[in-house]
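Reading the structure
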Amino acid sequence: MSGKTEYSPKMQALFERVAEFSDLEGIMALLGWDQQVYMPPGGAEERGLQSAALGRILHEKFATEEFGQLIADLEDEIGDLNAETDVARSVKVIKRNYEKQVKVPLPLLMESIKAQTMAHEAWVQAKARSDFSIFKPHLETIVDLRKQYVELFQPYDHIYDPLLDDFEPGMKTADVKEIFDKLRPQQVELLQAITEKELPDNSFIKQPYKEDYQDLFGRHVITCFGYDWQRGRMDVAPHPFTTGFGLGDVRITTRYLKDDVGSALFSTMHESGHAMYAQGVSEKYKRHPLGGAASLAIHESQSRLWENIIGRSKEFWTYFYPSFQMLFPEYLAEVSLADFYRGINRVEPSFIRVEADEATYNMHIMLRLEIEIGLMEGTINVGDLPEIWNNKMQDYLGITPPDDARGVLQDIHWSGGMIGYFPTYALGNLASVQLWEKLLQEHPNVPDEIAQAKFDTILAWMREHVHQYGAKYDPQEIMIKATGSKITPEPYMAYLRKKYAEIYDL
Ligand SMILES: [Zn+2]
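Time to look at the overall build of the chain. Looking only at helices and strands, one finds 21 helices and three strands in the chain. Its C-alpha atoms give the chain a radius of gyration of 23 Å, within 12% of the compact-globule value 23 Å for 506 residues. Each of the three principal axes of the chain carries a C-alpha extent, and together these read 70 × 60 × 45 Å. Per-residue burial over the chain gives 36% buried out of 506 residues. Residue pairs at least 24 apart in sequence account for 72% of intrachain contacts in the chain once pairs closer than 6 positions are excluded.

Given below as structure tokens:
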């Protein structure tokens, strides 16, 4: 069988096991997709049990002594084989996941899943009524369970490290703090300069645009980007997300708001960026240990690239605005391209993270990091969260949420036990610009290409330097390989300063 790699029997066994896990994970993801897209409310209880059953099967198949032995044998077998090979990397990635899973006793895992299911229901209610007291006892349980989880990973440098590592392999709390410490004063300074200027009008965005035309336009844009419809589809869900059931089926969702055309448009671009990353993983990693992604920050670097750097650029709208304007003459006939561009790039401190502009977004993340660290260190009590949240909003953005629904209750993450996730959003913003700058150095014509709706150079570059590797490299390795540097705030701040200096005449 010339041309086909021959693996040792043990390596073959590993790949076969992982292929089965990846099948089960695909089924799990499909259950989750259906839950958010099609499932009637009455299905929630049994769906929860179905997902838990599958989760238990996966855990029981994965976290066995026998599988641990297979990994250990393979480490011996690999010996000092080049650590860059797919085989060596596969064993490394599987070992890391295995060691995490096997540390968690099944009772703690089951208790966590149950607590998260209940906390999610409570959070939905608490948010709808803007009543934190409904969520409080559940969040206390979640934080307590997360502390128990973290203790399994002693010794660590910082109590937040094991949580962060689940989303951003290899990244330490100290690294993130160092980055945010550099970032914060620069963000504050930029925001101050901007808020001294007059706000551009964006009232033409906040109108009831026809949904079917929004859908048409969104699909057209991401088709131009290079989203592969043979291996994907788009549906409507309350919260936009991307999910995949293998390399051949990566789906996205969007949502249409009655009073904001930007919401669906930019979140469709955003999710297409996540999806194109997943679609771009090398075919050889199908049902494979390296078939995932490097990290959430690298994922977010891709979504932010298409949503913000490209989707909110002047070049993009130079091409697309005439057709957009033609679709919605009732709101845009009198709005010039220049005014439209300024409108979609309006900077204004706001309560809701997901709707924040590029210049204020990271502040929402920094305050969440401080709170999460405080919760884990025990210096912040869950009961004091609404007040602490509002104080930090005042401190970072100079505004105080009118209620907890628009404050501490706005995000779903904590109800799902996802503490340690938020920093990846800001890190992704920084990484997106670093990759972009490198791409521009190599292909200075890219902005002109965007103005002609040509995106193949961009997608091909990301495929080559990021997507194809799947989970082979850690996030910082990807960044060093692609850009020569770890994640750093300077390029992002330079990008923001340049962009807003022009828009706001700073
Ligand atoms: Zn995202």
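This part covers the domain arrangement of the chain. Domains assigned within the chain are domain 1 (9-162) and domain 2 (207-234 + 249-275 + 297-311 + 422-506). Where the side of domain 1 that touches domain 2 is concerned, the elements lending two or more residues are helix H1 (9-37) and helix H4 (86-103). At three residues, the largest contribution of residues to the side of domain 1 that touches domain 2 is made by H4.

For helix H15 (residues 361-377), with 17 residues, the first-to-last C-alpha span of 25 Å sits near the 24 Å given by 1.5 Å per residue. Looking at H15, one finds that the buried residues are Asn362, Met363, His364, Ile365, Met366, Leu367, Arg368, Glu372, Ile373, Leu375 and Met376. In this fold, the buried residues of H15 make contact with helix H6 (132-151), helix H8 (173-195), helix H16 (385-397) and helix H17 (423-442). Phi turns positive one or two residues past the end of H15, at glycine 378, with a value near 90 degrees.

Okay, the packing of H17 against helix H21 (residues 490-504) next. Between H17 and H21, whose axes approach to 8 Å, the crossing angle comes to 80 degrees. Here H21 runs roughly perpendicular to H17, going by the angle between their axes. For the pair formed by H17 and H21, the contact residues are Asn429, Leu430, Val433, Gln434 and Glu437 on the first element and Pro491, Tyr492 and Tyr495 on the second. Across the contact of H17 with H21, the residue classes tally to five nonpolar, two polar and one charged.

Next up on the list: the sheet that holds strand E1 (residues 234-236). Within the open sheet, the three strands sit side by side as E1-E3-E2. Their pairing is mixed. Edge strands, defined here as strands with exactly one partner in the open sheet, are E1 and strand E2 (242-244). Ignoring strand direction, the axes of neighbouring strands in this sheet form an average angle of 30 degrees. Here E1 runs beside strand E3 (residues 250-254); their pairing, made up of three bridges, is parallel. Each bridged residue has a counterpart across the sheet, and for valine 236 the counterpart in E3 is threonine 254. In this fold H1 packs onto E1, E2 and E3, with an angle of close to 145 degrees to the strand it touches most, E2.

Here proline 491 is to be found in helix H21. The exposure class assigned to proline 491 is buried, which follows from the 20 C-beta atoms found within 10 Å. Sequence separation of proline 491 and glutamine 434 is 57 residues, and the distance between their C-alpha atoms is 5.9 Å. Here proline 491 is in contact with Val433, Gln434 and Glu437, once residues within four sequence places are set aside.

Next up on the list: helix H20 (residues 475-483). Restricting attention to buried positions, one finds in H20 the residues Pro475, Gln476, Ile478, Met479, Ala482 and Thr483. The buried residues of H20 occupy one face: seen down the axis, they fall within an arc of 155 degrees. In the core, the buried residues of H20 are packed alongside helix H11 (296-310), H17 and helix H19 (456-465). Just downstream of H20 lies glycine 484, where phi reads positive at about 85 degrees.

With that settled, consider the pairing of E3. In terms of burial, E3 is a largely internal element, five of the five residues being buried. Alternating residues of E3 divide into Val250, Ile252 and Thr254 and Arg251 and Thr253, and every residue in both groups is buried. The pairing of E2 with E3 spans three bridges and is classified as antiparallel. In the strand pairing of E3, glycine 244 is matched with valine 250. The antiparallel pairing of E2 with E3 creates a hairpin that spans five residues between the two strands, and glycine 246 there sits at a positive phi of about 120 degrees.

General note: in soluble globular proteins, nonpolar side chains tend to be found buried as a group. Within the largest apolar cluster, 109 residues are counted, with the highest numbers of intra-cluster contacts made by Ala431, Val466 and Ile478. Shared between two domains, this core takes at least three residues from each, and those domains are domain 1 (9-162) and domain 2 (207-234 + 249-275 + 297-311 + 422-506). Excluding residues that lie within four positions of it along the chain, valine 466 makes contacts with Tyr277, Ile298, Gln302, Leu435, Ile478 and Ala482.

Rules behind the numbers
- Residues numbered from 1 in each chain as written.
- Predicted model: local features only at pLDDT ≥ 70, side-chain atom pairs only at ≥ 80, totals over all residues.
- Helix = DSSP H or I, 4+ residues; strand = E, 2+ residues; numbered from the N terminus.
- Rg over C-alpha atoms; globule rule 2.2 N^0.38 Å.
- Buried ≥ 20, exposed ≤ 12 C-beta atoms within 10 Å, placed from the backbone.
- Contact = placed C-beta atoms within 7 Å.
- Domains from an automatic or database assignment.
- Expected span 1.5 Å × (residues − 1).
- Axes fitted to C-alpha atoms, helices over the stretch in contact; angles between N-to-C directions.
- Parallel < 35°, antiparallel > 145°, perpendicular 65-115°, else oblique.
- Nonpolar A, V, L, I, M, F, W, Y, C, P; charged D, E, K, R; others polar.
- Pairing = 2+ DSSP bridges.
- Arc of directions from axis to C-beta.
- Core = buried A, V, L, I, M, F, W, Y, C linked by C-beta atoms within 7 Å.

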